[in-house]
Amino acid sequence: MRIVYSTFPKKEEAVRVGKELLKERLIACYNAFQISSGYWWEGKIVEDEEWAVFFKTREELVEKVMEKIKELHPYSVPAIFVIPVEKIHEPYDRWLVEETGGEEREQVDNP
């Protein structure tokens, strides 16, 4: 599992992108939440309210997810990056793989 993270200026835009990625089965789930952000933009420090989104997907789909977010994103320089997941509850991982069109991975037991 990988989490692709991005921020949006409005909730409606975050949800619109999340729904589009769901429809295309590029993600199994998204979580959108309001945040306070501070950043440099055009030589000035900006403080703003934004919507952060976790897009949950498989490693194999990360590039497609990032490209689609970039295509649909309202910002000219959007923050889009990947957060690797070190451990995951196995039933959730199976669900994520199934919902994004992947085959279940064979469980390997370590000796």
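The structure under discussion appears in the preceding block.
These figures come from a predicted structure and were not determined experimentally.

What counts, and at which threshold
- Residues numbered from 1 in each chain as written.
- Predicted model: local features only at pLDDT ≥ 70, side-chain atom pairs only at ≥ 80, totals over all residues.
- Heavy atoms only, no water.
- Helix = DSSP H or I, 4+ residues; strand = E, 2+ residues; numbered from the N terminus.
- Contact = heavy atoms within 4.5 Å.
- Polar contact = N/O pair within 3.5 Å; in protein donor to acceptor, adjacent residues only side chain to side chain.
- Salt bridge = Lys/Arg side-chain N within 4 Å of Asp/Glu carboxyl O.
- Buried < 20%, exposed > 50% of the residue type's maximum accessible area, 1.4 Å probe, protein only.
- Pairing = 2+ DSSP bridges.
- Axes fitted to C-alpha atoms, helices over the stretch in contact; angles between N-to-C directions.
- Parallel < 35°, antiparallel > 145°, perpendicular 65-115°, else oblique.
- Left-handed = near helix turned anticlockwise from the far one by under 90°.
- Nonpolar A, V, L, I, M, F, W, Y, C, P; charged D, E, K, R; others polar.

Novice: Even after reading the chapter, I still don't get the overall build of the chain, so can you show me in this structure?
Specialist: Along its length, the chain carries three helices and four strands. Put simply, the chain runs from its N terminus to its C terminus through helices and strands in the order β-α-β-β-α-β-α. Principal-axis analysis of the C-alpha atoms places the extent of the chain at approximately 55 × 30 × 20 Å. Within the chain, contacts between residues at least 6 apart in sequence are counted, and of these 70% link residues at least 24 apart.

Novice: Can you walk me through the side chain of Ser6 in this structure?
Specialist: Mapped onto the fold, Ser6 is located in strand β1 (residues 2-8). A polar atom in the side chain of Ser6 sits 3.3 Å from the side chain of His73. Among all residues touching Ser6, those that are not within four sequence positions of it are Trp51, Ala52, Val53, Phe55, Ile69, His73, Ala79 and Ile80.

Novice: Just checking my understanding: could you explain the pattern of salt bridges for this structure?
Specialist: Side-chain pairing between opposite charges can occur once the charged atoms of the two side chains come close. Tallied over the full model, the rule gives six salt bridges. Between Glu71 and Lys68 there is a salt bridge, and its shortest N-O distance comes to 3.3 Å. On the criterion of helical spacing, the pair formed by Glu71 and Lys68 is a turn pair, its members being three residues apart in helix α2 (residues 62-72). By relative accessible area, Glu71 is classed as exposed at 56%. For Lys68, a relative accessible area of 15% translates into the label buried. One salt-bridge network, in which partners are shared between bridges, spans Glu24, Lys68 and Glu71.

Novice: Would you mind showing me how to read the sheet that holds β1 here?
Specialist: In sheet architecture, strand pairing relies on hydrogen bonds along the backbone and comes in two forms, parallel and antiparallel. On the basis of which strands lie adjacent, the open sheet formed by four strands has the order β2-β3-β1-β4 and antiparallel pairing. Looking at the sheet topology across the chains shown, the edges are occupied by β2 (29-41) and β4 (80-84). Neighbour-to-neighbour, the strand axes of this sheet turn through a mean angle of 30°, independent of strand direction. In the sheet, β2 pairs with strand β3 (residues 44-57) via 13 bridges, with the strands oriented antiparallel.

Novice: Explain the packing of helix α1 (residues 11-23) against α2 here, please?
Specialist: For any two helices packed against each other, one specifies the inter-axial angle together with the distance between the axes. The contact between α1 and α2 brings their axes to 10 Å, and the two run at 140°. The angle between the axes of α1 and α2 places the two elements in the oblique class. Considering how the two elements wind past one another, α1 and α2 form a crossing that is right-handed. Contacts between α1 and α2 involve Arg16, Val17, Glu20 and Leu21 from the first element and Val65, Lys68, Ile69 and Leu72 from the second. Looking at side-chain class alone, the contact of α1 with α2 contains five nonpolar, no polar and three charged residues.

Novice: Would you explain the pairing of β1 in this entry?
Specialist: Where a strand is regular, its side chains alternate between the two sheet faces. Where burial is concerned, most of β1 is hidden: seven out of the seven residues are buried. Neither face of β1 is left uncovered, since the one carrying Arg2, Val4, Ser6 and Phe8 and the one carrying Ile3, Tyr5 and Thr7 both have all their residues buried. Bridge count between β1 and β3: seven bridges; the pairing is antiparallel. When the bridges of β3 are listed, Val4 appears paired with Phe55. Across five bridges, the pairing between β1 and β4 is antiparallel. Each bridged residue has a counterpart across the sheet, and for Val4 the counterpart in β4 is Val82.

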